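A closer look at the structure
Below are the chains, spelled out letter by letter.
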Amino acid sequence: MALKSGGRKLSFDILSGDVFMEDEFVLYRSLSDPENGETRKKHKKKKKKKKKNVNLTAIDEDLITDKIVDDHRHNELESDDQSYKVETSLSTVHQIPEQEFQNFNQDLQPLVELRQRTVKLNVPSTHLDEFSAKEENDNNNIVGIGLISSSAQKTQLNGGVVSKLGTAESLDWKRLIAEDPTYLASLEKSPVNFFVGEMRSGNTLRSTTILGNDKERERVYDTIFRLPWRCELLINVGFFVCFDSFLSLLTIMPARILMTFWTSLRTRQFQRPSAADLSDWSCLMVLISGVALLQQIDISLIYHMIRGQGTIKLYVVYNVLEIFDKLCQNFGGDIFQTLFRSAQGLATSSSEDMSCCIWRFVSDLALAAVSSIVHSFVLLAQAITLSTCIVAHNNALLALLVSNNFGEIKSNVFKRFSKENIHSLVYYDSVERFHISSFLLFVLAQNILEAEGAWFGNFVFNALLVYVCEMVIDITKHSFVAKFNEIKPITYSEFLEDLCKQTLDIQPEDGRKKLTFIPLAPACVVIRVLAPVYAAHLPYGPLPWRLFWILLLLAMTYVMLASLKVMVGMGLQKYATWYINRCRKRKHHLHSD
């Protein structure tokens, strides 16, 4: 018992310093093991007394005497001639007789794990001397064995529970509170004090926001104020460029063809046509074929078929048609560029290559005609769908606008765009704005032919609703696309400058996008829609009288369209000249500064 109490006192003295415990496992092996015969003989010749080297700074691989057993088992183990010794290193295995090894296992069956503790000590030299003296006075070098019971028997014989020992510093609460005074204050803080502290701590959203800088402020004002009006200005100028091209197709192209034909009849000399003449003739043939095929379509039949569908199917059909519209627009532009290139090659070809150039021109012309006719069918179906939504009384127009416009925002805003892609996106929006105008013209023509009562006010309201929604959606889309892609508002001014140069036939810089718009498909739709309106207002009478009124209405329409063409064309040229000069002065002023 004295040894037991002395061991505990020794353990207390060691743990009172800066102790770091390391646990190592002890391996027991029977003496009957044939592989360890020679090793057993060597161990018998070893001296029982071990030399211990103690440094001033640390004690490595020391042994702690901590024996926790019952009194009768303790006396039995002490009276035994062969004591069970455990080496200080895992690489050394102490060997005992086979019979005693089995008896020992039976006696210590509840004990499933034996541990050896190695202590690294950092204590003064006086403590080290005292510790060495105590160790030398011991008659037997008893190895301290920490006996840890199994999961079913975690409490030991002395009633204590073995747990992970912490250092003195980690258990010193006074030192912890002295180092961090706010720790105790946080424990003692009441809910009222916490609420008052939160009110006095500063910004309410300090944990989830940060202070912005001048750059962030500029981005906010760019998104809300500077970019929207520049974007809308660019889209409107693009709309008038498309409208000018549409008017040129209906006014300039027929005039050029008539002048060429009249010149050939007057001089009676049929010369090879130029590239511009071939392009005009090809556009005229495509326009005539498209109008002739659209005349065979029964608009009322398609109208009632679309009107019989549900509201959800209605705007789904419109979105599908809009996708095909963009595809036909993109592909049709490439086809007509190829056609005009073939026309130029045919105009400048030699007599040997004439047949090859003619074949290329005819094949490109047929492909352009097919593409334009398909595009015109898509636009006509889209116009009929919009007319069905406007005429319906179940809020179908509102559902169409919401689904279409917010679907457009979803498909564009959260994507990564380059500067050139945004340039193309603005031009697509300009063309889309012109297509919507042609659709509303179709709705107006249908109301003139079939509507009864006071319909004009309702039509104006619906047309404004469509335009305002389209304008708001385009502004919102471009504002946030520019914000997410870090595009400055000055970029849209550069796009507008390129468009003005295109209007004045000034060659833009390399790599600049140009607005590509082929007005043949919208022209086919407009002519197909307006032809019944003219036919409905012709006076009854003999055929010559009806022919006279047809020619008169055509002449009046041509004069109005030509006048509108002159106004739009001159307005675009004046605005383009003024804007380019303004941009040049601004750049000169920036360079001078």
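Before reading on, note that the structure itself is shown above.
Residues numbered from 1 in each chain as written. Predicted model: local features only at pLDDT ≥ 70, side-chain atom pairs only at ≥ 80, totals over all residues. Heavy atoms only, no water.

The subject of this paragraph is the overall build of the protein. Within the protein, the regular secondary structure consists of 20 helices and 5 strands. Relative to its full complement of 593 residues, the protein shows a buried share of 36%. (Helix = DSSP H or I, 4+ residues; strand = E, 2+ residues; numbered from the N terminus. Buried < 20%, exposed > 50% of the residue type's maximum accessible area, 1.4 Å probe, protein only.)

Moving on: the packing of helix H14 (residues 354-391) against helix H15 (residues 396-412). Direction vectors running N to C along H14 and H15 enclose 130°, while the axes themselves pass 6 Å from each other. It follows that H14 is oblique to H15 by the angle criterion. Of H15, the residues touching H14 (which contributes Leu386, Cys389 and Ile390) are Ala396, Leu397 and Leu400. (Axes fitted to C-alpha atoms, helices over the stretch in contact; angles between N-to-C directions. Parallel < 35°, antiparallel > 145°, perpendicular 65-115°, else oblique. Contact = heavy atoms within 4.5 Å.)

What follows concerns helix H10 (residues 214-267). Maximal helix bending in H10 amounts to about 55°, located at Asp222. Backbone geometry just downstream of H10 places Arg268 in the positive-phi region, at approximately 55°. (Bend = angle between axes of the 7 residues up to and from the residue.)

The next subject is the pattern of salt bridges. Applying the stated criterion across every chain yields a total of 14 salt bridges. Residue Lys477 pairs with Asp429 through a salt bridge whose shortest N-O separation is 2.9 Å. Taken together, the residues span a long stretch of sequence, with Lys477 in helix H17 (residues 456-484) and Asp429 in helix H16 (residues 419-450) at a distance of 48 residues. Lys477 sits in the buried class, given a relative accessible area of 0%. Given the relative accessible area of 2%, Asp429 is considered buried. Taken together, the shared-partner salt bridges in this structure form one network comprising Glu232, Glu408, Asp429, Arg433, Asp474 and Lys477. (Salt bridge = Lys/Arg side-chain N within 4 Å of Asp/Glu carboxyl O.)

Let us look at the nonpolar core. In this structure, Phe246, Leu380, Leu386 and Tyr492 are the most contacted members of the largest nonpolar core, which totals 88 residues. For this core, the element with the most residues is H10, which contributes 15 residues. Residues within four places of Leu380 in sequence aside, it is in contact with Leu294, Ile297, Ile299, Phe442 and Val525. (Core = buried A, V, L, I, M, F, W, Y, C linked by side-chain atoms within 4.5 Å.)

Moving on, we come to the side chain of Ser430. Within the secondary structure, Ser430 is located in helix H16. What makes Ser430 buried here is its relative accessible area of 1%. Setting aside anything within four residues of it in sequence, one finds Ser430 in contact with Leu234, Ile235, Gly238 and Phe239.

What follows is about the packing of helix H11 (residues 275-294) against helix H19 (residues 520-536). Here H11 crosses H19 at 45°, and the two axes come no closer than 9 Å. In terms of axis orientation, H11 runs oblique to H19. H19 is crossed by H11, and the crossing has right-handed handedness. In this structure, H11 uses Cys283, Val286, Leu287, Gly290, Val291 and Leu294 to contact H19, whose residues at the interface are Leu520, Ala523, Cys524, Val525, Ile527 and Arg528. Within the contact of H11 with H19, the residues separate by chemical class into 10 nonpolar, 1 polar and 1 charged. (Left-handed = near helix turned anticlockwise from the far one by under 90°. Nonpolar A, V, L, I, M, F, W, Y, C, P; charged D, E, K, R; others polar.)

Now for unusual backbone geometry. One non-glycine residue, Glu486, lies in positive phi territory at about 55°. Mapped onto the secondary structure, Glu486 falls in the loop between H17 and helix H18 (489-503). Positioned with a positive phi, Asp505 is a non-glycine residue whose angle comes to about 60°. Relative to the elements of secondary structure, Asp505 occurs in the loop between H18 and H19. With relative accessibility at 67%, the residue Asp505 sits in the exposed group.

Relative to the helices and strands, Phe340 is located in helix H13 (residues 311-347). Placed 61 residues apart in sequence, Phe340 and Ser279 show a C-alpha to C-alpha distance of 5.9 Å. Setting aside anything within four residues of it in sequence, one finds Phe340 in contact with Ser279, Ser282 and Cys283.

Glancing now at helix H12 (residues 299-307). Taken residue by residue, H12 has Ile299, Tyr303 and Ile306 as its buried positions. Projection of H12 onto a plane perpendicular to its axis shows the buried side chains occupying an angular sector of 70°, all on one side. Exposed and facing more than 90 degrees away from the buried side of H12 are His304 and Met305. (Arc of directions from axis to C-beta.)

A cluster of nonpolar side chains, Val316, Val320, Ile323, Phe324 and Leu327, forms an exposed patch at the surface whose accessible area comes to about 450 Å². Considering the arrangement of structural elements, one finds Val320 in helix H13. Of the residues examined, Val320 reaches a relative accessible area of 38% and is grouped as partly exposed. (Patch = residues over 30% accessible without salt bridge, like charges linked within 9 Å, V, L, I, M, F, W, Y side chains within 5 Å. Areas by Shrake-Rupley, 256 points an atom, 1.4 Å probe, with all protein chains shown as cover.)

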